[in-house]
Amino acid sequence: MDMMAVEGRREEGMGIEIGTGTGMGMGEKIETPVIVLNVKAYAESMGEKGFELAEICEEVADEKGISIAICPQQVELALIASMVNIPCFAQHVDAIEPGSHTGSVTLETIKEAGATGSLVNHSEHRLKIAEIDFIVKKAASLNLLTIVCTNNIAVSKAVAELKPYAIAVEPPELIGTGKAVSKVDPGIVEDTVKEVRRVDEGSVVLCGAGVTNGEDVRAAIELGADGVLLASGVVKAKDPRAALLDLVSGV
Ligand code: G3P
């Protein structure tokens, strides 16, 4: 998409009342398999580049009929949620009630922004278990979905007791390496699926770290995962649309 078109969509987004969103309804479950793109704070996902990534996700999701969700940079969450018709997640929320907390993000704020939910406890933004518990419970009461990130099987099992919407297991040492967890460490995916389902049969289980292509996605699904959580494979790709199309081919 050229910059004029991106600008046009941005203006369009700005004309939409923030919080109404054009995306899926709050608390609605997402069809699986799902590809969740976390754009992190990469330079490649700032401002207009972030709008373009969101547009690409929406277009590929529509074209291929595959669930794709995006976690925009936090400052663009409201705008992107109002621009695209795919689930938008915050990258992080704080375990607080609205009030005197400078620089914090509340669940109420992301709901107002039109988000479907939030990532919680990402490896790059860890929380205490009591905070995860607070966020998961409060999100459910607000009809927001939580995708709680975990680093291993034991933590996944513990988090499953809290009954989040989804658990995304991501071995930190593989993040950003391009070496997919589903290929390099299939056991962690398979056993996380098994153990989480033992605790909470209905839980969505994702895996992430190093996922870059359709083969990695296929391997994840064959191991029992309901989808993948990824970042650099698309955000830092020379051609993010081609990278996403490749990923989708594995579903
Ligand atoms: O949130 C996704 C993530 O931590 C994995 O990152 O770059 O290895 O896909 P990446």
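For the structure, check the block above.
Nothing here was measured: the structure is a model prediction, and the numbers come from that model.

Chemist: Sorry, what's going on with the packing of helix α6 (residues 153–160) against helix α8 (residues 186–199) here?
Modeler: Helices that pack against each other are described as a pair by the angle of their axes relative to one another and the distance between those axes. Closest axis-to-axis distance for the α6/α8 pair is 9 Å, and the angle between their directions is 25°. Taken as axis vectors, α6 and α8 run roughly parallel relative to one another. As for the relative orientation of α6 and α8, their crossing is right-handed in sense. Between α6 and α8, the residues in contact are I153, S156, K157 and A160 and I188, D191, T192, E195, V196 and V199, respectively. For the contact of α6 with α8, the class distribution of residues is 5 nonpolar, 2 polar and 3 charged.

Chemist: Can you walk me through the environment of E190 in this structure?
Modeler: On the secondary structure map, E190 appears in helix α8. With 37 residues separating them along the chain, E190 and I153 place their C-alpha atoms 9.5 Å apart. Ignoring any residue separated from it by four or fewer positions in sequence, one finds E190 in contact with L223 and G224.

Chemist: Sorry, what's going on with helix α9 (residues 214–222) here?
Modeler: Each full turn of the α-helix corresponds to 3.6 residues, which orients residues three or four apart in the same direction. By the burial criterion, the buried members of α9 are D216, V217, A219 and A220. Projected onto a plane normal to the axis of α9, the buried residues spread over an arc of 160° and lie on a single side. Buried-residue contacts for α9 involve α7 (181–184), α8, β7 (204–208), β8 (227–230) and α11 (240–248). G224 lies just past α9 and shows a positive phi near 105°.

Chemist: Where do I start with the environment of A90 in this structure?
Modeler: Considering the arrangement of structural elements, one finds A90 in strand β3 (residues 89–90). A sequence separation of 20 residues divides A90 from I70, and the C-alpha atoms of the two residues are 8.6 Å apart. When near neighbours in sequence (up to four residues on either side) are disregarded, A90 contacts C71, Q74, L77, V105, I110, A115, S118 and L119.

Chemist: Sorry, what's going on with the sheet that holds β8 here?
Modeler: Where strands meet in a sheet, backbone hydrogen bonds hold them as pairs that are either parallel or antiparallel. Spatially, the 8 strands line up as an open sheet ordered β2-β1-β8-β7-β6-β5-β4-β3, and their pairing is parallel. The outermost strands of the open sheet, each flanked by one partner alone, are β2 (67–71) and β3. Pairing of β7 with β8, which is carried by 3 bridges, proceeds in the parallel orientation. Paired with C207 across the two strands is V228, which belongs to β8.

Chemist: I'm lost on the site of the ligand in this one. Help?
Modeler: Near the ligand lie 15 residues; those nearest to it are N38, I175, L230, A231 and S232. Listed by contribution, the elements that provide at least two residues to the shell around the ligand are β8 and α10 (232–235). Classifying every residue of the shell around the ligand gives 6 nonpolar, 8 polar and 1 charged.

Cut-offs used in this document
Residues numbered from 1 in each chain as written. Predicted model: local features only at pLDDT ≥ 70, side-chain atom pairs only at ≥ 80, totals over all residues. Axes fitted to C-alpha atoms, helices over the stretch in contact; angles between N-to-C directions. Helix = DSSP H or I, 4+ residues; strand = E, 2+ residues; numbered from the N terminus. Parallel < 35°, antiparallel > 145°, perpendicular 65-115°, else oblique. Left-handed = near helix turned anticlockwise from the far one by under 90°. Contact = placed C-beta atoms within 7 Å. Nonpolar A, V, L, I, M, F, W, Y, C, P; charged D, E, K, R; others polar. Buried ≥ 20, exposed ≤ 12 C-beta atoms within 10 Å, placed from the backbone. Arc of directions from axis to C-beta. Pairing = 2+ DSSP bridges. Near = placed C-beta within 6 Å.

In short, geometric facts, not functional conclusions.
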